[in-house]
Amino acid sequence: MILPNALPASLMVALGGGTGALLRFHLGRVVGKLFPVAATAFPWATLTANVVGSLCMGLLAGWLARHGSDEGIGAEGWRLLLGVGLLGGFTTFSSFSLELVLLWERGAPGLAFTYALVSLAAGVAGLFLGLTIMRIAA
């Protein structure tokens, strides 16, 4: 695998990340306009972003496995632009989903389960801790 230089790689991630963040922002706006009551009762936009992002990450991973050595920017370039950048900006859940499935497919279901449990518990605990710190500081 040929790794791109740091500057072009960073630019690819930034371009993809900015685009993914904009897509996520506009997805939230569209869901809010289409379903104004439902959008406030349940986080439909976030759920949609997570599911769509995970589907796209699976498609990308499968495509890179099959066609990653084709000419052009190469597998690493596409991974940086679309996987790390675009899908990372759209939802980090897609990266989490890919890593979880890869652990499972590598024959480590216990590690996959532990990763899922710790990610969820630590993420929620981190959010509560951050909110608590800021409420105390206020």
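Thresholds, definitions, all that
- Residues numbered from 1 in each chain as written.
- Predicted model: local features only at pLDDT ≥ 70, side-chain atom pairs only at ≥ 80, totals over all residues.
- Heavy atoms only, no water.
- UniProt positions renumbered as here; feature names shortened; annotations may be inferred.
- Phe/Tyr/Trp six-rings, centres within 6.5 Å; stacked < 30°, edge-to-face > 60°.
- Helix = DSSP H or I, 4+ residues; strand = E, 2+ residues; numbered from the N terminus.
- Buried < 20%, exposed > 50% of the residue type's maximum accessible area, 1.4 Å probe, protein only.
- Bend = angle between axes of the 7 residues up to and from the residue.
- Contact = heavy atoms within 4.5 Å.

With an unreviewed UniProt entry as reference, the chain is termed Fluoride-specific ion channel FluC, source organism Croceicoccus pelagius. Of the chain, the UniProt comment under Function (unreviewed entry) reads exactly: "Fluoride-specific ion channel. Important for reducing fluoride concentration in the cell, thus reducing its toxicity." Taken verbatim from the UniProt record of the chain, the Sequence similarities (unreviewed entry) comment is "Belongs to the fluoride channel Fluc/FEX (TC 1.A.43) family."

Asks: Is there a simple way to think about the packing of aromatic side chains in this case?
Replies: If you walk through the whole model with that rule in mind, you get 4 aromatic pairs. Taking 5.5 Å as the distance between ring centres and 45 degrees as the angle between the ring planes, the aromatic pair formed by Phe-93 and Phe-96 counts as tilted. Of this pair, Phe-93 and Phe-96 are both found in helix H5 (residues 93–105), 3 residues apart, which corresponds to roughly one turn of the helix. We classify Phe-96 as buried; its relative accessible area is 17%.

Asks: What is the right way to look at helix H4 (residues 74–90) in this model?
Replies: An α-helical segment advances 3.6 residues per turn. Residues three or four places apart therefore align on the same side. At Leu-80, H4 shows its largest bend, some 30 degrees. Along H4, the residues classified as buried are Gly-74, Glu-76, Gly-77, Leu-80, Leu-81, Gly-83, Gly-85, Leu-87 and Phe-90. Buried residues along H4 sit against helix H1 (6–34), helix H3 (44–67) and H5.

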